[in-house]
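Examining the three-dimensional arrangement
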Amino acid sequence: MNLVGHLNCFVVVAEELHFGHAAERLGMAQPPLSQRIQRLEKELGVRLFERSSRKVELTAPGRLLLEDAREILTRVDRVYALAERARLGEVGEVRAGLPSDLGGPIVAALIAAFRQHRPDLRLDLRETGTAEQIRALAEGALDAGIVRHPCDTRDLELGPMLGQPVGVLLPADSDLAASAEVHLADLTGHDLAVFPREEAPGTYDELLAACRRHGYAPPAVHEARHPQFALGLVLSGTAVALVARTDDVAGATWRPLLGEPLTWRTSCVWRRARDPEQARAIADFTAIANAVLPREAGMTPLDGAPVRRVVQRPASGFLA
Amino acid sequence: MSAPREITPRELRSDVRVRIEAAFRDAGVTGFLHAIDIETGREVAVRADEPVVLASVFKVPLLVAFHRQAADGLLDPTEPVTLRPEDRTIGPTGVSALLDEVRMSLRDLACLMITVSDNTAADAVLDRVGLDAVNATAAALGLPGTVVEGSGRDLLDMLLADAGATTLGEVWSWLDEPGVLGRLRALDPHRTSRSISREMTRLLGLIWRDEAAPPAECAAMRRLFGLQVWPHRLSSGFPYDDVVVSGKTGTLPTIRNEVGVVEYPDGGRYAVAVFTRSLLPIAVLPQADAVIGTAARLAVEWLRRP
């Protein structure tokens, strides 16, 4: 039987509580409507209406089913509306940017969680650096992003700040790999492999300034767009890489830095959408990202971070 | 073998702009620059027509308005002003840093306002000159994009209110928290004292050509810009004993500016305005200060090519 069609008849009769009026609303004659209700009752094995000569009333099972029947019809309507939008090329989607070094498992977890929560939407993920994401958000080419701070987030909405300690990826046979933690100054003399500055100039400058401050001035900096390239430089003994915690692979070992001098700060950013459906889609994406990143990427909320100490000098003082 | 193709001036100019942009990028700032040969009008422009936050550069149009009023007999530059300790505008230099009552002439206050960016002195001069007069002067000199919205005191109050802070130190330490920078009207060129790089070099050109006020007043202004103490920005780009660098800086969180004139012994005079915004919310950022000098030198050296 056409269950959806029959449920529709049931809902209309339940709303009218009058077979004649319901039939009129449905654009059909009364006898076939009565037949459909009877067939539905037979199919479900319960009586939906008490019929007397003067009135029609919902039975207790009828009342119970009414809510669900309405929901099914609403969902069916949504399927048709969605198909219509898809046919016209306007299927709902979230276009989001991700840092290129986030890692395959994290990307997969993000997509899986989003699919499960919003199967009605297409998720268009793009592998781009922070600076490019900020540009694309401003131009309207992206709806949301996952960026590294500091970056220019004026005019953008921000999710909670997540922190991720940066450690060093070393050749497994390096003397430094023998200790559980490595001091930044111990890296002296080694070239550094790190993400390209153009991907997140604020984060890059902050990282190199922290290296110098803690006694590590790399003789050369190799910009590695892809983690595999950084790994290659490490394996060959060309450089050490400063990266978020990563699983050890044959020949390379990740070690935390003593005192956690380097932390990557990551958050979701998005543009406020005028369309409430789109705003909800973006909110769903960022909520999922905020759940997946701590679980899969070892990021932790930075709410309680100590306040930065700033001692002003005359040359950088107020209105100098 | 074909003869080497002649490089057009347009290509050269775009080349210098590319190098200036690269210098800004390497220093981690967004830069706005206009440089012009005061004699010939040749120019280099990088985002030179976009609005910028003036910060303390607002003291330049204030100084011009002050000298025009003096020339018109509306005020006596030697008139003494008493500054009580309780009326200090916050600031790291000059009278702002002093503890006791100070009495000095309006023109000496103007001297401190330009040479060490003294905020108390600047607000005292502004109180006497009037905000409307400063903006009327800017308009009269053909600077429609140059608007002073308030005093140093007003700016500090706005900054603290927007940040929800009680001290400037708090504002600085909260700057790298998400969303804080965007809330601060003091850093938004549409909602605070503002100008356009091209208008600032126009103003400097007027001062250097004795057109902003009578010649004696312009000479007095040039003397003050030449006495400015800061070595870290515009001046750092011209480490030559025989080159005069006169200027006025402007500083607010993430904002580092300087406008000034560079004078070579052969008579070449170049007005330069450089406004920057840094990505890092850090107070001590020498590379962001130095790139003002570097960018200015790239521009001036291009202007000096035959």
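Residues numbered from 1 in each chain as written. Chains lettered and ligands numbered in written order. Predicted model: local features only at pLDDT ≥ 70, side-chain atom pairs only at ≥ 80, totals over all residues.

Topic: the sheet that holds strand β7 (residues 244-252) of chain B
Residue and element names in this part refer to chain B. Taken in spatial order, the 5 strands make up an open sheet running β2-β1-β9-β8-β7, and their pairing is antiparallel. With one partner strand each, in any of the chains shown, β2 (43-46) and β7 form the two edges of the open sheet. On average, adjacent strands in this sheet sit at an angle of 10° to one another, irrespective of strand direction. Across 9 bridges, the pairing between β7 and strand β8 (residues 255-263) is antiparallel. Bridged to G250 within β8 is N257. Sheet strands touched by helix α11 (residues 286-304): β1 (29-37), β2, β8 and β9 (269-278). Its angle to β9, the strand with the most contacts, is close to 145°. (Pairing = 2+ DSSP bridges. Helix = DSSP H or I, 4+ residues; strand = E, 2+ residues; numbered from the N terminus. Axes fitted to C-alpha atoms, helices over the stretch in contact; angles between N-to-C directions. Contact = placed C-beta atoms within 7 Å.)

Focus on the packing of helix α2 (residues 59-71) of chain B against helix α4 (residues 119-129) of chain B
Residue and element names in this part refer to chain B. Their axes nearest at 10 Å, the elements α2 and α4 cross at an angle of 45°. Judged on the interaxial angle alone, α4 and α2 are oblique. At the point where α2 passes α4, the crossing takes the left-handed sense. For the pair α2 and α4, the contacting residues are K59, L62, A65, F66 and Q69 in the first and A122, V125, L126 and V129 in the second. (Parallel < 35°, antiparallel > 145°, perpendicular 65-115°, else oblique. Left-handed = near helix turned anticlockwise from the far one by under 90°.)

Comments concerning the UniProt feature "domain: Beta-lactamase class A catalytic" (unreviewed entry) in chain B
Here, UniProt's "domain: Beta-lactamase class A catalytic" (unreviewed entry) annotation points to residues 34-276 of chain B. Helix makes up 37% of residues 34-276 of chain B and strand 20%, and the two end C-alpha atoms of the span are 12 Å apart. (UniProt positions renumbered as here; feature names shortened; annotations may be inferred.)

Here's the deal with the pairing of β1(B)
Residues and elements named next belong to chain B. The buried fraction of β1 is high, at 7 of 9 residues. Of the strand pairs in this sheet, β1 and β9 are connected by 9 bridges, and their pairing is antiparallel. Residue pairing in the sheet places H34 in a bridge with A273 of β9. Between β1 and β2, which pair antiparallel one after the other, the connecting turn spans 5 residues, and G41 there sits at a positive phi close to 85°. (Buried ≥ 20, exposed ≤ 12 C-beta atoms within 10 Å, placed from the backbone.)

Here's the deal with the UniProt feature "domain: HTH lysR-type" (unreviewed entry) in chain A
Look at the UniProt record and you will see "domain: HTH lysR-type" (unreviewed entry) annotated at residues 1-59 of chain A. Helix makes up 63% of residues 1-59 of chain A and strand 10%. Its end C-alpha atoms lie 22 Å apart.

Section: the nonpolar core
If you look at the biggest cluster of nonpolar residues, it comprises 168 residues, and the most contacted ones within it are A:A241, B:L33, B:L62, B:V125, B:V272, B:A295 and B:A299. It is α11(B) that contributes the most residues to this core, 10 residues altogether. Ignoring sequence-local partners within four residues, the contact set of B:A295 consists of B:I20, B:A23, B:F24, B:G31, B:L33 and B:V274. In this structure, A:F10, A:V13, A:A23 and A:L40 belong to the second largest nonpolar core, which totals 14 residues. (Core = buried A, V, L, I, M, F, W, Y, C linked by C-beta atoms within 7 Å.)

Points about the interface of chain B and chain A
Listed by partner, the interface residues are 31 residues for chain B and 26 residues for chain A. Of all the elements in the fold, those that place two or more residues in the side of chain B that touches chain A are α6 (152-163), α7 (168-174), α8 (180-183) and β7 of chain B. Ranked by residue count, the leading element in the side of chain B that touches chain A is α7(B), at 4 residues. Taken together, the residues of the side of chain B that touches chain A break down into 16 nonpolar, 14 polar and 1 charged. (Nonpolar A, V, L, I, M, F, W, Y, C, P; charged D, E, K, R; others polar.)

Considering the confidence of the model for chain B
Here chain B averages 94 in pLDDT, while 95% of its residues score no lower than 70. As scored by the predictor, the complex reaches a pTM of 0.77 and an ipTM of 0.83. (pLDDT = per-residue confidence, 0-100.)

A short note on the confidence of the model for chain A
With 97% of its residues at a pLDDT of 70 or more, chain A has an overall mean of 91. No element of chain A has a lower mean pLDDT than helix α4 (residues 60-87) of chain A, which averages 82, and none a higher one than strand β8 (residues 191-194) of chain A, which averages 97.

Let's talk about unusual backbone geometry
All names here are of chain A. Residue P150 follows H149 across a cis peptide bond; omega there is 0°. A positive phi angle, close to 70°, is found at D155, a residue other than glycine. Secondary-structure assignment places D155 in the loop between β5 (144-149) and β6 (157-158). In this structure D155 comes out as exposed when scored by C-beta crowding, with 11 C-beta atoms within 10 Å.

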